[in-house]
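Inside the fold
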Amino acid sequence: MKKFDFFRQFRDAVIILNKKHEVVYRNHTFKRWFKDFTNIKKLSHHSSFNICPLNSENIEIYSPIYHAVISKEDFFARISYQSELNRIYYYDLQAIKKGDYTIIFFTDVSAQNKLEDIYEENKKLTEKINNLVEENEDLQKIKQKAQSQAIRIALINKVSNNIRESIDISQILQSALKELAIMFSAYKAYYAKANNGKFEIEEVYGEKKSKTNTSIIFDEKTLETIDNKEIAISNSIIEYIGAKPFKEPVLRIIIPVHHMQNLMGVIVLLSYQKRELTEEIEILDAISSQLSNAITRAELYQKNVQTVKELKSAMKELKETQIQLINSEKMASLGQLVAGVAHEINTPVASIKSNNGIVAKLLGSIEDTDLKEMLTDINEIDKEAVNRISNIVTSLKKFVRLDEAELQEADINKELDLTLELIRHETKNRIEVVKNYGEIPVIKCFPNMLNQVFTNILVNACQAIDGKGTITITTEYKDKSLIVKIKDTGKGIPQNQLNKIFSAGFTTKGVGVGTGLGLAICSKIIEKHKGKITVNSEVGKGSEFIITIYGE
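What counts and how
Residues numbered from 1 in each chain as written. Predicted model: local features only at pLDDT ≥ 70, side-chain atom pairs only at ≥ 80, totals over all residues. Heavy atoms only, no water. Helix = DSSP H or I, 4+ residues; strand = E, 2+ residues; numbered from the N terminus. Buried < 20%, exposed > 50% of the residue type's maximum accessible area, 1.4 Å probe, protein only. Contact = heavy atoms within 4.5 Å. Areas by Shrake-Rupley, 256 points an atom, 1.4 Å probe, with all protein chains shown as cover. Patch = residues over 30% accessible without salt bridge, like charges linked within 9 Å, V, L, I, M, F, W, Y side chains within 5 Å. Salt bridge = Lys/Arg side-chain N within 4 Å of Asp/Glu carboxyl O. Lys, Arg positive; Asp, Glu negative; His and termini not counted. Charge placed at Lys NZ, Arg CZ, Asp CG, Glu CD. Pairing = 2+ DSSP bridges. Axes fitted to C-alpha atoms, helices over the stretch in contact; angles between N-to-C directions. Left-handed = near helix turned anticlockwise from the far one by under 90°. Nonpolar A, V, L, I, M, F, W, Y, C, P; charged D, E, K, R; others polar. 1 Å grid on protein atoms, 1.4 Å probe; cavity = no way out; pocket = protein on both sides within 12 Å on 5 of 7 lines; lining within 4 Å. Points joined across faces, edges and corners; volume = space filled by probe spheres on them. Polar contact = N/O pair within 3.5 Å; in protein donor to acceptor, adjacent residues only side chain to side chain. Parallel < 35°, antiparallel > 145°, perpendicular 65-115°, else oblique. Phe/Tyr/Trp six-rings, centres within 6.5 Å; stacked < 30°, edge-to-face > 60°. Expected span 1.5 Å × (residues − 1). Core = buried A, V, L, I, M, F, W, Y, C linked by side-chain atoms within 4.5 Å. Arc of directions from axis to C-beta.

**Description of the overall build of the protein chain**
Counting its regular elements, the protein chain contains 14 helices and 19 strands. Put simply, the protein chain has 552 residues, and 39% of those count as buried. The contacts in the protein chain between residues at least 6 apart in sequence include a share of 57% that link residues at least 24 apart. Roughly 33200 Å² of accessible area belongs to the protein chain as shown, and the carbon and sulfur atoms make up 51% of that amount.

**Some details on a negative patch on the surface**
Where like charges cluster on the molecular surface, the negative patch consists of E367, D368, D370, E373, D377, E380 and E384. Take D377: it is sitting in helix α10 (residues 369-399).

**A look at the pattern of salt bridges**
Scanning the entire structure with this criterion turns up 8 salt bridges. With a closest N to O distance of 3.9 Å, K485 and E476 form a salt bridge. Relative accessible area serves as the criterion here: at 27%, K485 is assigned to the partly exposed category. Given a relative accessible area of 29%, E476 falls into the partly exposed group. Across the pair K541 and E538 runs a salt bridge whose closest N-O atoms are separated by 3.7 Å.

**Examining the sheet that holds strand β1 (residues 13-17)**
The strand order across the open sheet built from 6 strands is β2-β1-β6-β5-β4-β3, with neighbouring strands paired in antiparallel fashion. The two strands at the open ends of the sheet, each matched to only one other strand, are β2 (23-26) and β3 (47-49). Put simply, the sheet's adjacent strands are angled 30° from each other on average, direction ignored.

**Some words on the sheet that holds strand β10 (residues 232-236)**
Overall, antiparallel pairing links the 6 strands, which are arranged β9-β8-β7-β12-β11-β10 in an open sheet. Two strands bound the open sheet, and with one partner strand each, they are β9 (215-216) and β10. Where β10 and strand β11 (residues 250-259) come together, 5 bridges link them in antiparallel fashion. Across the sheet, N235 pairs through a bridge with L251, a residue of β11.

**Examining the packing of helix α13 (residues 447-464) against helix α14 (residues 518-528)**
Relative placement of two packed helices is described by the angle separating their axes and the distance separating the axes. Across the interface, α13 lies against α14 with an axial gap of 9 Å and an inter-helix angle of 145°. Helix-helix and strand crossings are classified by hand; for α13 and α14 the assignment is left-handed. Residues M449, L450, Q452, V453, N456, I457 and N460 of α13 form the contact with α14, whose own contacting residues are G518, L519, I521, C522, I525, I526 and K528. By residue class, the composition of the contact of α13 with α14 is 9 nonpolar, 4 polar and 1 charged.

**Considerations on empty space enclosed by the protein**
A full pass over the atoms with the stated rule returns 1 cavity of 30 Å³ or more. As for the largest cavity, its lining consists of D36, F37, T38, N39, K42, L43, H46, Y81 and E84. A breakdown of the residues in the lining of the largest cavity according to their chemical character gives 3 nonpolar, 3 polar and 3 charged.

**Looking at the side chain of E415**
With respect to the helices and strands, E415 occurs in helix α11 (residues 412-422). Here the side chain of E415 touches N451 through a polar contact of 2.8 Å, side chain to side chain. Once residues within four sequence positions are removed from consideration, E415 is found in contact with A410, P447, N451 and F454.

**Overview of the packing of α11 against α13**
For the pair α11 and α13, interaxial distance at closest approach is 9 Å and the crossing angle is 50°. Taken together, the axes of α11 and α13 are oblique relative to one another. Note that α11 runs across α13; the crossing there is right-handed. On the side of α11, the interface is formed by I412, E415, L416, L418, T419 and L420, while α13 contributes P447, L450, N451, F454, T455 and L458. Residues that form the contact of α11 with α13 fall into these classes: 8 nonpolar, 3 polar and 1 charged.

**Some points on the pairing of strand β18 (residues 531-538)**
Consecutive side chains along a regular strand alternate between the two faces of the sheet. By the alternation rule, side chains of β18 split into G531, I533, V535 and S537, which are all buried, and K532, T534, N536 and E538, of which none is buried. The turn joining β18 and strand β19 (residues 542-550), which pair antiparallel and follow one another in sequence, is formed by 3 residues; a positive phi near 90° is taken by G540.

**Focus: the packing of aromatic side chains**
Across all of its chains, the model carries 21 aromatic pairs by this definition. One aromatic cluster is present, formed by F30, W33, F34, F37, Y81, Y89, Y91 and F106 through successive ring pairs.

**Re α13**
An ideal rise of 1.5 Å per residue puts 26 Å on 18 residues; α13 measures up with 25 Å between its terminal C-alpha atoms. Counting buried positions along α13 gives 14 out of 18 residues, so the element sits mostly inside the fold.

**A look at the nonpolar core**
Counting residues in each nonpolar core, the largest one holds 39 residues, and the members touching the most others are I412, I471 and I547. Per element, the largest residue contribution to this core is 9 residues, and it comes from α13. For I412, the residues in contact, after removing those within four places along its chain, are I440, I443, C445, L450, F454, L482 and V484.

**A word on helix α6 (residues 220-227)**
Residues spaced three or four apart along an α-helix face the same direction, because each turn holds 3.6 residues. Regarding α6, the residues found buried are T222, T225 and I226. For α6, the angular spread of buried residues about the axis comes to 100°, placing them on one side. Structural note: α6 exposes E220, K221, E224 and D227 on the side pointing more than 90 degrees away from its buried face. The secondary structure elements touched by the buried residues of α6 are β8 (198-205), β10, β11 and β12 (262-271). For α6, the capping residue at the N-terminal end is D219, with a side-chain oxygen 3.3 Å from the backbone nitrogen of K221. Looking one or two places after α6, you find K229, whose phi comes out positive at around 60°.

See below:
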């Protein structure tokens, strides 16, 4: 129709339908875009909404052409069209109602739609690339950290293995000095034994002119660093006080070697290389600890070799004493046993304590806050536990009068709280602890010994309770005497055993579970405090231990 020739100039595709929904006009663009067009129904079937949230069994309702035709008002939608060749095109469809006619415009937006898709895809790819870059950077950091850690561990293990291969002190020191000299490019390395503020050179590596048995001393600042168990690093002009000056400043590294609280000696490294030491400090600390244990072990071995006959006699006496302890329950034999046990415990405790110090220094290099906090708590608990073991060993010695101690003022309520904290793993989520603390003055006592008494009684109370239960602790000060009562809801003690529980060697826990020493030691400790300990018990209801410490 000529009256529709106006639409020939349109770049968009145009189709016009009459009120009977018959096609009366198609412009050239429409014919070019929709070459496979035959009728409006087929065109409708090939078209669909770009986004269609409808839910209907009527297929026509999904067709935007259908909506454009039947709509009584102007209509707009973004549609997709599938050609006979199964290619998908995107159009903005706009239907305008003019009298008896419906004029439908198709604007091609396929390129725009594809561009948007490409943009979104590029955006996702960019984000993915950025994430991969970040992950790669994190992995590189982790890799570098792991490599550095592996190198440190390898070096420590190498020195440790060399040290453990011998029990000869000279060979141990030479091996350690050689590895350290190679590690730090030192032209000279030596070990000087501590002797009343001075040091005597015992082993030298790297410089033939150096003599052993030479007495040396360092400046006050260096001595203070050594006493604080810290590594002294400086660019020095002289090796030690009284030594000849170097031709040029050298890097001097002094590594203190401690066994527990005692300074055994120092390792000195001299190098012409100037560099900052960061992670190497941890290596040196670890090697110092290993060397300390190795020297101690070697010294003990040498002493044992020299006194082998005495050792055999002592071992025979210890075995006889153990048998006598089990059979006769005599306290005289207990003293010999405790001396041996205390001696055997001290060496592994020293190793644990040393390793605890190493872990504390390594915590600073951990970046993960949660992990660092968790390991710090664990390290503090381990540290407290090691101190507790040391205190127990000391208390064992005091019990058999192998060591003397001074009276100290202590708040028994606080000491009970400390003990409860140390055995919290026994009571946690299982046993309710009721504290009936009275207002009591500080008393003169041996706190470590009393803590041992409280620990033993409280642990026994926890073990006596099957499942859940209650422990009640009561303190009071009456007639110038301190009274501590510890009551549990455990299984109780038979009446025929009450008069034996404070005897050495007697236990209700069975063979291999209890040693029979705990309450015997408690009794002796309370006697040392000029007090007494008694017990009331009923099978099936529980036990109550009453500790009375009389005032002066």
